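What the coordinates show
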Amino acid sequence: MSLDLPLILAQTALLLLLALLLSGLIRKWKALLQNRRGPPVWQPFLDLHKFFRKDMVISEHASWVFPLAPYLVFLTSLSAGLLVPMVAAQAPLGLFGGALALVGLLALGRFFLALGGLDPASAFGGMGSSREMTLSAIAEPAMMLAIFTLAISAGSTNLSQIVLASQEPGWKFLDPSHALAFIAMFIVLLAETGRIPVDNPATHLELTMIHEAMLLEYSGRYLALIEWGASIKQLVLMTLLANIFFPVGLAVKTTTATFGLGLLYLAGKLIVLAGIVVVVEMTNAKLRLFRVPDLLSVAFMLAMLALVSTFLFR
Amino acid sequence: MSLCGYAAGAAGGLLFMRREKWAAAFSFGAAALSGLSGLLAALLFLGSGAAAPSWQGELLPTLIPYIKFSVRLDGLGAFFLMVASLLGCAVSIYSLDYAKGFFGRKNVGVFGAFFNALLLVTTLTFVANTIWLFLIAWELMALTGYCLISFEHEQPETRQAGVLFFIMSHIDTGFIILGFLLLFQVSGDFSFDSLHGLGAKMSAGKRDAAFALFLLGFGIKAGIVPLHIWLPAAHPVAPSNVSALMSGVLIKTGIYGLTLVCFEFLGPPPLWWGVTVLVAGTVSAVLGVLYALMEHDLKRLLAYHSIENIGIILMGLGASLVFLHEGHPVLAALSLIAGMYHTINHAAFKGLLFLGAGAVVRSTHTRNMEEMGGLAKRMPDTAFYFLIGAVAISALPPLNGFVSEWITYQALLQGFGTSESLWRLVFPLGGAMLALTGALAAVCFVKAFGITFLAQPRSEAARNAGEAAPSMRIGMAVLTAACLLLGFFPTAFVRLLDPLTQQLTGRQISGQLSVANGLVLASLTEKAGTVSTPVLVLMGLCLLPIPFVLWLALARKTKTRRGPTWDCGQRGLTPQMEYTATGFSKPVRMIFKALFRPRRDTQRDYDFSPYFATNVRFESHIEEVFVQRLYRPLRILIVRVSRRIRALQAGSIHAYLLYIFITLLLLLIFAL
């Protein structure tokens, strides 16, 4: 496989821009459902612009590990995004890593972010790191199992191969095992992107924060990179969910028309998914921290059932 | 052969050091050189491909008829020799300065001698070609191991751990001797050559019995749950260079033995062996990491992680046995590669972490993480090496732990399609548990690194800590380099495993594992899954200009200043307000409380209302469920039985004469 440079650049740009747009869209819809007008959809762009131009204050207790986190969070999310088929069925760098590498890269970013949370010696940061790492430790196996279900159906752990396998005859859309895996994966999505009922992205109330608590000491462009990275991660996970469970409309051939169509399909799927996320956020309350593992165990059990039913229905 | 050079070097160091008390340099220097030569020998052997004949020779002229000390070097032995030599070399360099800490209070010469002896006998274990030599080396390993663990025998804790290790080692030797006796019964010869493929000649019951004995025996040495209890006791109290060796090499002898016996001697394996090993591995991995999370003794934490990693290695081995049973030699080779790759990876990163922990303990004089903190500023090099080790052991890309776990996942996933039996569910479930293990390991190492190296120092000792001595840093740098190389060049490394897989499964699959000129690691076919750690790194580097350009465009004029951490308007943060290791793992303790059964005591002293306590004492304690449920009743039983038996040893000579008479009588009766 040769490297398709324009495709890589296009997907990078798409990840960088669409991520912020998606965050803005979710924020706007939430506001509308709460009878508020809400900030414009492009507000995240303005926020980032502002963060970048701000001076930074770095904690006097922080060591050299502290500045690593923003870069790693940003770079790992972006790299992970390049492994996912977004518009074209063949992800631009799909050969160099599949589902396992994607999960691993996201975990690498989280690892350093958690260290960054501990570094400034604040109790909030430590609390955030501890909670984030613990919850993701339960969410990650559920996600792995859900991906395994598809990987076993497709005979490959590479995401592009999974999508391509689904184009072939004999692939059943959302057969029972895939449906179960999808639900499991959706719960994981809520947890990993810090949404209600697991975490509240809008809160800055000290004792309920999870993700935000780790970022408290970051400011200026570091904060911008972390926020951007988090939003790219959200886009990546949502795209993953949309494209491997509903692999319609991805461009198999490389023509402008198929790319355009692919982009439209992607937008459509993301909008639907964002809508579901918003509705879930609006209709649920945040769970108590020690109830969250129950929810995640449900995801794990569902994914396990998905796997077992692969065995039954084949 | 340079192998002889290695043995001679280690022995030379041993002899030399008995006299020169202060010249630690000689003994550890000799050990380092021997390690290097052993590494080269192994690399030469493995590099020359599967065509290389296995080399054999007599170690000593036959002094006693019937007992032969022949050695050989084959794919399996050479691989383990490589692991041992790599770690031996790095640890020896580290020890040059580390041993200085014992000057004036301990006999460093004896320490160096035992250190060399341990390396020597471990090497002998890997190259032994007769049961005799193997068992003698095995026993000497237990003895030298005991001496090294008990080196700082002033502490009662150390003595206890030493004795525990001693007892467990002898139980395992006992099982192994029994196992070999079963084999000998069939083969009638003590040489390993005569044991090859013996499984086909043995009756099924005997074969299973031998397997069970070997699994127990080697399992104790490797630290499989629930046979692991010596590990978390012995690793922390030993000097840190010894802990690194024990964790990296000593427990791997168990893996070596199990591989040798299951694949070479007793194969072809029935299904239940593979499934047993796979399940034992899974249980060890998950429980190992869960108990590790509860530790705040840095070295004990690492010891529990050894149990976890042994579990991951066994998952590879177990899967391989299952595939052999089902007649998929290629998949068997893939899983075997997964296990062996993880073996060397574990030696590299766990050795590194123990050496790092040793440097930290040396500077702070405590193993308790709650008294550390802020060390990243005070010992930046050590912190960097430890961080690399932590990322590697957490199976995060692009380092070596990720690569070997990736191969393990691939092997497990492909295993699903191989049979129609319900047993195949074991593979994806194993995969899920592996995912849980990896994720929990990441939690544990955020804690281990974060609490130890980051934030404010939590004690005076940590505040005054200084960087490790130069040779210690070089030793760590060697292993860091090993972690990076093993992570970045997996396709080159799997080529070295060809002789091993050829020997044990009859297949060489390194060609199938590498696509795009070795840039990309594939799981047998390109379609089934690919990953490329070097490209992932490159990708990160290529994306780095994005934040840089934005910085140039927007943030060039911004200033960065240092300020206090937000303290809610109080008067400054104190180390007491930081998150502790115990606090960090609290959510995990809550989630898995059915397993941990934490015992908590809270005492409040108050004057008028419990809400205004003047003094609070909190104690939390976790005891391993196996110690509680299995070993304690066992110990009580043994003590009780011994007490009964003691009546026999009355000390009266008449009684003893009577025993002899009765024995004689019985023997005569049997003889007739």
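What you see is a predicted model; the values in this text were computed from it and never measured.

In terms of regular secondary structure, chain A is built from 11 helices and one strand. Traced from its N-terminal end to its C-terminal end, chain A shows the element sequence α-α-β-α-α-α-α-α-α-α-α-α. Relative to its length of 314 residues, chain A is compact, with a C-alpha radius of gyration of 19 Å against a globular reference of 20 Å. Along the first, second and third principal axes, the C-alpha atoms of chain A reach 60 × 45 × 45 Å. When burial is assessed residue by residue, chain A has 65% of its 314 residues classed as buried. Counting contacts in chain A only where the partners sit at least 6 residues apart, residues at least 24 apart contribute 80% of the total. When the accessible surface of chain A is split by element, carbon and sulfur atoms take 68% of a total near 11,000 Å². Charged side chains of chain A number 20 positive and 17 negative; the gap between the two group centres comes to 8 Å.

All right, on to the packing of aromatic side chains then. Residues and elements named next belong to chain A. Per the stated rule, a full pass over the model turns up 42 aromatic pairs over all chains. Each ring, one from Tyr71 and one from Tyr222, has its centre 6.1 Å from the other, and the planes form 80 degrees; the classification is edge-to-face. With Tyr71 in helix H3 (residues 68-82) and Tyr222 in helix H9 (residues 220-245), this residue pair connects regions lying 151 residues apart in the sequence. For Tyr222, a relative accessible area of 8% puts it in the buried group.

This part covers empty space enclosed by the protein. Scanning all chains against the criterion turns up 10 cavities of 30 Å³ or more. Lining the largest cavity are 23 residues; nearest its centre among them are A:Glu140, B:Ser394, B:Ala395, B:Leu396 and B:Gly438. Listed by contribution, the elements that provide at least two residues to the lining of the largest cavity are helix H4 (99-118) and helix H5 (123-154) of chain A together with helix H15 (400-416) and helix H16 (426-453) of chain B. With six residues, the single largest contributor to the lining of the largest cavity is H16(B). Per-class residue counts for the lining of the largest cavity are 16 nonpolar, four polar and three charged. Forming the walls of the second largest cavity are 13 residues, and the residues nearest its centre are A:Glu132, A:Leu135, A:Ser136, A:Ala191 and A:Glu192. Elements supplying a minimum of two residues to the lining of the second largest cavity: H5 and helix H7 (176-192) of chain A. For the lining of the second largest cavity, the leading source of residues is H5(A), giving four residues. Within the lining of the second largest cavity, the residues separate by chemical class into six nonpolar, three polar and four charged.

Another point: the pattern of salt bridges. Residue and element names in this part refer to chain B. Scanning the model with the defined rule gives 15 salt bridges over all chains in all. Where Asp297 meets Arg367, a salt bridge forms, and the shortest distance between an N and an O atom there is 2.9 Å. Placement of the pair is Asp297 in the loop between helix H10 (271-293) and helix H11 (298-326) and Arg367 in the loop between helix H12 (329-364) and helix H13 (375-378), with a sequence separation of 70 residues. Among the residues examined, Arg367 registers a relative accessible area of 21% and is labelled partly exposed.

Before going further, it helps to spend a moment on the layout of surface pockets. Unfilled space is identified by rolling a water-sized probe across the atoms. When its volume is computed, the largest pocket comes out at roughly 1,600 Å³. Along the walls of the largest pocket sit 42 residues, with B:Arg300, B:Tyr304, B:Glu623, B:Glu624 and B:Val627 positioned nearest its centre. Among the elements of the structure, helix H6 (156-187), helix H7 (204-222), helix H8 (230-237), H11, strand S8 (613-621) and helix H27 (625-646) of chain B are those that each provide at least two residues to the lining of the largest pocket. Broken down by element, the lining of the largest pocket gets its largest block of residues, nine residues, from H6(B). Split into classes, the residues belonging to the lining of the largest pocket amount to 25 nonpolar, six polar and 11 charged. One number sums up the size of the second largest pocket: a volume of about 960 Å³. What lines the second largest pocket is a set of 45 residues, among which A:Arg27, A:Arg195, A:Pro201, A:Glu212 and A:Glu227 lie closest to the centre. Among the elements of the structure, helix H1 (5-33), helix H2 (43-53), H3, H4, helix H8 (211-215) and H9 of chain A are those that each provide at least two residues to the lining of the second largest pocket. With eight residues, H9(A) is the largest single contributor of residues to the lining of the second largest pocket. Residue classes in the lining of the second largest pocket are distributed as 20 nonpolar, 13 polar and 12 charged.

Turning our eyes to something else, we now look at the interface of chain B and chain A. With 82 residues of chain B at the contact, the number on the chain A side is 82 residues. Of the roughly 7,100 Å² buried between chain B and chain A, counting both surfaces, carbon and sulfur atoms make up 74%. At the boundary of chain B and chain A, one finds zero salt bridges. Counting the contacts that link chain B with chain A gives 23 residue pairs in polar contact (both at pLDDT 80 or more). For the side of chain B that touches chain A, the element with the highest residue contribution is H16(B), accounting for 16 residues.

Its 26 residues place the ends of H9(A) 38 Å apart at the C-alpha level, agreeing with the 38 Å of an ideal helix rising 1.5 Å per residue. For H9(A), a buried count of 24 out of 26 residues is recorded, marking the element as mostly surrounded by other parts of the structure.

Quick look at the side chain of B:Glu308 now. Tracing the sequence through the fold places B:Glu308 in helix H11. The charged side chain of B:Glu308 is buried without a salt bridge, its nearest counter-charge being B:Lys350 at 6.5 Å.

Let us look at helix H6 (residues 159-167) of chain A. Within H6(A), burial applies to A:Leu159, A:Ser160, A:Ile162, A:Val163, A:Ala165 and A:Ser166. The elements touched by buried residues of H6(A) are H4, H5 and H9 of chain A.

With that settled, consider the packing of H7(A) against H9(A). Residues and elements named next belong to chain A. Where H7 meets H9, the closest approach of the two axes is 10 Å, and the angle between their N-to-C directions is 175 degrees. Between H7 and H9, the interaxial angle falls into the category roughly antiparallel. In contact with His178, Ala181, Phe182, Met185, Phe186, Leu189 and Glu192 of H7, H9 contributes Lys233, Leu237, Met238, Leu240, Leu241 and Phe245. A per-class count over the contact of H7 with H9 returns 10 nonpolar, one polar and two charged.

Here the focus is unusual backbone geometry. All names here are of chain B. The amide bond that connects Val225 to the next residue, Pro226, takes the cis arrangement and shows omega of 5 degrees. Residue placement: Pro226 occurs in the loop between H7 and H8. Residue Pro398 is bonded to the preceding Pro397 through a cis peptide linkage, with omega at 5 degrees. Relative to the helices and strands, Pro398 resides in the loop between helix H14 (380-393) and H15. Even without glycine at this site, Ala395 takes up a positive phi of about 60 degrees. Mapped onto the elements, Ala395 comes out in the loop between H14 and H15. Accessibility expressed as a relative area gives 12% for Ala395, which makes it buried. Not every positive phi belongs to a glycine, and Cys568 is a case in point at roughly 60 degrees.

Moving on: the sheet that holds strand S4 (residues 520-523) of chain B. Residue and element names in this part refer to chain B. Ordered in space as S3-S4-S5, the three strands form an open sheet in which the pairing is antiparallel. If you trace the sheet from one side to the other, it starts and ends with strand S3 (514-515) and strand S5 (525-531), each paired once. Alignment of S3 against S4, held across two bridges, turns out to be antiparallel. When the sheet's bridge partners are listed, Val515 is paired in S4 with Val520.

Glancing now at the domain arrangement of chain B. Its domain assignment divides chain B into domain 1 (270-550), domain 2 (577-621) and domain 3 (626-671). For domain 1 of chain B versus domain 3 of chain B, the distance between C-alpha centres works out to 47 Å.

Below, the discussion takes up a nonpolar patch on the surface. Residues B:Leu658, B:Phe661, B:Ile662, B:Leu665, B:Leu666, B:Ile669 and B:Phe670 make up a contiguous nonpolar surface patch of roughly 750 Å² in combined accessible area. Along the chain, the position of B:Leu665 falls in helix H28 (residues 653-671).

Calculation criteria
Starting from 1, residues in each chain are numbered consecutively following that chain's sequence as written. All chains are assigned letters beginning at A, and all ligands numbers beginning at 1, according to the order in which they are written. In keeping with the model being predicted, local features are shown solely for residues with a pLDDT of at least 70 and side-chain atom pairs are shown and tallied solely at 80 or more, while totals for entire chains, interfaces and linings include all residues. Values shown for side chains rest on all heavy atoms present in the structure; no hydrogens or waters enter the calculation. Under the DSSP-based scheme used, a helix requires at least four consecutive residues in state H or I and a strand at least two consecutive residues in state E, with every element numbered from the N terminus. Our radius of gyration is a C-alpha quantity, and the globule rule it is checked against amounts to 2.2 Å times the number of residues to the power 0.38. Exposure categories follow from relative accessible area, calculated using a 1.4 Å probe and restricted to protein chains: below 20% of the type maximum is buried, above 50% is exposed, and the middle band is partly exposed. We call two residues in contact when some of their heavy atoms are within 4.5 Å. The Shrake-Rupley method, run with a 1.4 Å probe sphere, supplies the accessible areas, and residue values consider only the shown protein chains as cover. Two residue types count as positive, namely Lys and Arg, and two as negative, namely Asp and Glu; His and chain ends fall outside the count. By convention, the point assigned to a charge is CZ for Arg, NZ for Lys, CD for Glu and CG for Asp. Only Phe, Tyr and Trp rings take part, Trp by its six-membered ring, and two of them pair if their centres are within 6.5 Å. Stacked means planes under 30 degrees apart, edge-to-face means over 60, and tilted covers everything else. The definitions used throughout rest on a 1 Å grid laid over the protein atoms alone, on which a cavity is an enclosed set of points accommodating a 1.4 Å probe that cannot get out and a pocket is an open set flanked by protein within 12 Å on both sides along at least five of seven lines; lining residues are those having an atom within 4 Å of a point. Grid points are joined across faces, edges and corners, and a volume is the space filled by probe spheres set on the points. Note on residue categories: nonpolar means Ala, Val, Leu, Ile, Met, Phe, Trp, Tyr, Cys or Pro, charged means Asp, Glu, Lys or Arg, and polar means any other residue, Gly included. Definition used for salt bridges: Asp or Glu carboxyl oxygen within 4 Å of a side-chain nitrogen of Lys or Arg. The term buried area refers to how much accessible surface (probe radius 1.4 Å) is lost by two components on association, counted for both of them together. Whenever a nitrogen or oxygen atom comes within 3.5 Å of another N or O atom, the pair is scored as a polar contact, on the condition that within protein one atom can donate a hydrogen and the other can accept it, and that pairs from neighbouring residues in sequence are kept only if both atoms are in side chains. Expected helix span is given by 1.5 Å per residue-to-residue step, counting one fewer step than there are residues. Axis definition: a line fitted to C-alpha atoms, over the contacting stretch in the case of helices. Angles run 0 to 180 degrees between N-to-C directions. Throughout, the term roughly parallel applies to angles under 35 degrees, roughly antiparallel to angles over 145, roughly perpendicular to angles from 65 to 115, and oblique to all others. For two strands to be treated as a pair, DSSP must find at least two bridges joining them. Note that the domain bounds were set by an automatic or database domain assignment. Any residue with relative accessible area above 30% and no salt bridge may belong to a patch, with like charges joined within 9 Å and the nonpolar Val, Leu, Ile, Met, Phe, Trp and Tyr side chains within 5 Å.

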